[in-house]
Amino acid sequence: MNQIDWGNLTFSLTPTKSMFISHWENGTSWTGGELIPFGDIPMSPAAGVLNYGQGIFEGLKAFRTAKDRIILFRPDKNIERAILSAERLCIPIVPSDLFMDGLLKVVKDNSEYIPPSDKGSLYIRPIIWGTGPVLGVAPASSYTFLIYVSPVGPYFKSGIRCLNLRVTKKYHRAAPCGVGGYKTIGNYAASLYPQKLAKSSGFDEVIYLNARDDESIEEVGSANIFIVKDKMILTPPLGGSILPGVTRDSVINISREILGLDIEERSISLSEMMEADEVFCTGTAVSVTPIGKITSDDSVGIINENKIGNVTLALNTELISIQKELKDDPFGWLIQV
Ligand SMILES: *Cc1c(COP(=O)(O)O)cnc(C)c1O
């Protein structure tokens, strides 16, 4: 049995028992996959992923629910997205049934690492990358599909806290017609420096602007952004440079179907955001998190007196209640493990 102190989990890696692995060689198909002990993986120094960043990832969670079941939250959406990301990077597509089989196997085998319902969840990290050696820039000749898991605590230890963000005008996250809409590993390497600069000035994260107009808002580091103004919820439309978040889609559905609120996907200007009633961001890791303070050049916007707003709180509560089976899931989003 593991010795995990459930009360002190943070959003960081805790090694677990096993990981799921499958291989693809040129001219074959993905192997059926197997569980192997969690640990390091040997690789050629010339691996496509190490030299040219040919890799994609996913992130989703398994929850132990109030009904004492173990569930995956909308894994079909992650699988769908992984297929699109793989296609974009010339990585052979992992069939959805193999992907789902891997998710179920690794979660079952590591079920003792899933925290109690009120203490956190099991973060699941699928990765697919070019393993084969390449010297010139080209797709690799072999690939690896791996899923590892880690128990994680709530993103904020002492309850929900409002984020303090800075709008960056010096860096873009994603270019038009680039790879921002896919979970390619290189996007995140490129975000480290702007994030580091923001953190060293006391901010939690960065808000990126659209690279074409430098005026409309796009995303927060690795979370989607929403604003609330006069009872209307707004979020920027997916246009290729915004990552199509599963949490983003869930929040849109919850707003419409459960809370009966108007929601629109349209471009949002920086000044509109600064004057919003509420601003929040969404993602598997952060769930629905309020943004209380936004700095852009010399102007500072305090949103809702730096407190979580009613709409943000309602969305956060509804989402978590569905995930933890504190209330019924009217959407069919939960898959039992
Ligand atoms: C993963 C990610 C998100 C959030 O997506 P979810 O599916 O909700 O976890 C948002 N933006 C970026 C850039 C991401 O990488």
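In what follows, the accompanying structure is described. (Residues numbered from 1 in each chain as written. Predicted model: local features only at pLDDT ≥ 70, side-chain atom pairs only at ≥ 80, totals over all residues. Heavy atoms only, no water.)

## A few points about the nonpolar core
Generally speaking, a soluble globular protein has its nonpolar side chains buried in company with each other.
Here is step 1: Residues W30, F99, L103, V107, I124, I128 and F145 are the most contacted members of the largest nonpolar core, which totals 33 residues.
Here is step 2: Mapped by element, the contributors of at least two residues to this core are β1 (18–25), β4 (60–64), β5 (70–73), α2 (75–88), α3 (96–109), β6 (121–130) and β7 (142–152).
Here is step 3: It is α3 that provides the largest number of residues to this core, a total of six residues.
Here is step 4: In this structure, F145 is in contact with F20, I21, S22, W30, V94, L98, F99, P126, I127 and I128, ignoring residues within four places of it in sequence.
Here is step 5: Membership of the second largest hydrophobic core comes to 23 residues, among which are V167, A223, M274 and V286. (Core = buried A, V, L, I, M, F, W, Y, C linked by side-chain atoms within 4.5 Å. Buried < 20%, exposed > 50% of the residue type's maximum accessible area, 1.4 Å probe, protein only. Helix = DSSP H or I, 4+ residues; strand = E, 2+ residues; numbered from the N terminus. Contact = heavy atoms within 4.5 Å.)

## Quick look at the pairing of β6
Here is step 1: By the criterion of burial, β6 is predominantly enclosed, with 10 of the 10 residues buried.
Here is step 2: The pairing of strand β3 (residues 55–57) with β6 spans three bridges and is antiparallel. From the neighbouring strand, I56 faces β6, where its bridge partner is I128.
Here is step 3: Pairing of β4 with β6 involves three bridges; the strand directions are antiparallel. Residue K61 lies in a different strand from β6, and its bridge partner there is Y123.
Here is step 4: In terms of strand pairing, β6 meets β7 through 10 bridges, oriented antiparallel. (Pairing = 2+ DSSP bridges.)

## A few points about the side chain of E219
Here is step 1: The topology assignment puts E219 in strand β10 (residues 217–220).
Here is step 2: Within the structure, the side chain of E219 is placed 2.8 Å from the backbone nitrogen of L243, a separation counted as a polar contact.
Here is step 3: Not counting residues up to four positions away in its chain, the partners in contact with E219 are R173, V206, I207, Y208, N224, I225, S241, I242 and L243. (Polar contact = N/O pair within 3.5 Å; in protein donor to acceptor, adjacent residues only side chain to side chain.)

## Quick look at the layout of surface pockets
Here is step 1: As a volume, the largest pocket reaches approximately 970 Å³.
Here is step 2: As for the largest pocket, its lining consists of 42 residues, and the residues nearest its centre are F11, Y123, R125, S222 and A285.
Here is step 3: Those elements giving two or more residues to the lining of the largest pocket turn out to be β6, β7, α4 (186–200), β9 (205–209), β10, β11 (223–229), α5 (246–258) and β14 (278–283).
Here is step 4: Of the residues forming the lining of the largest pocket, the biggest block, five residues, is contributed by α4.
Here is step 5: Residue classes in the lining of the largest pocket are distributed as 20 nonpolar, 13 polar and nine charged.
Here is step 6: Taken as a whole, the second largest pocket holds about 500 Å³ of empty space.
Here is step 7: Surrounding the second largest pocket, 31 residues form its lining, K61, P154, Y155, S287 and I320 being those nearest its centre. (1 Å grid on protein atoms, 1.4 Å probe; cavity = no way out; pocket = protein on both sides within 12 Å on 5 of 7 lines; lining within 4 Å. Points joined across faces, edges and corners; volume = space filled by probe spheres on them. Nonpolar A, V, L, I, M, F, W, Y, C, P; charged D, E, K, R; others polar.)

## Section: α4
Here is step 1: Look at α4: 22 Å from first C-alpha to last across 15 residues, which is about the 21 Å you get at 1.5 Å a residue.
Here is step 2: A maximum bend of about 30 degrees is found in α4 at L192, where proline P194 lies one to four positions downstream.
Here is step 3: Lining the buried residues of α4 we find β3, β8 (163–168) and β9.
Here is step 4: Among the residues trailing α4, G202 stands out with phi positive, at a value near 90 degrees. (Expected span 1.5 Å × (residues − 1). Bend = angle between axes of the 7 residues up to and from the residue.)

Nothing here speaks to function; it is all geometry.
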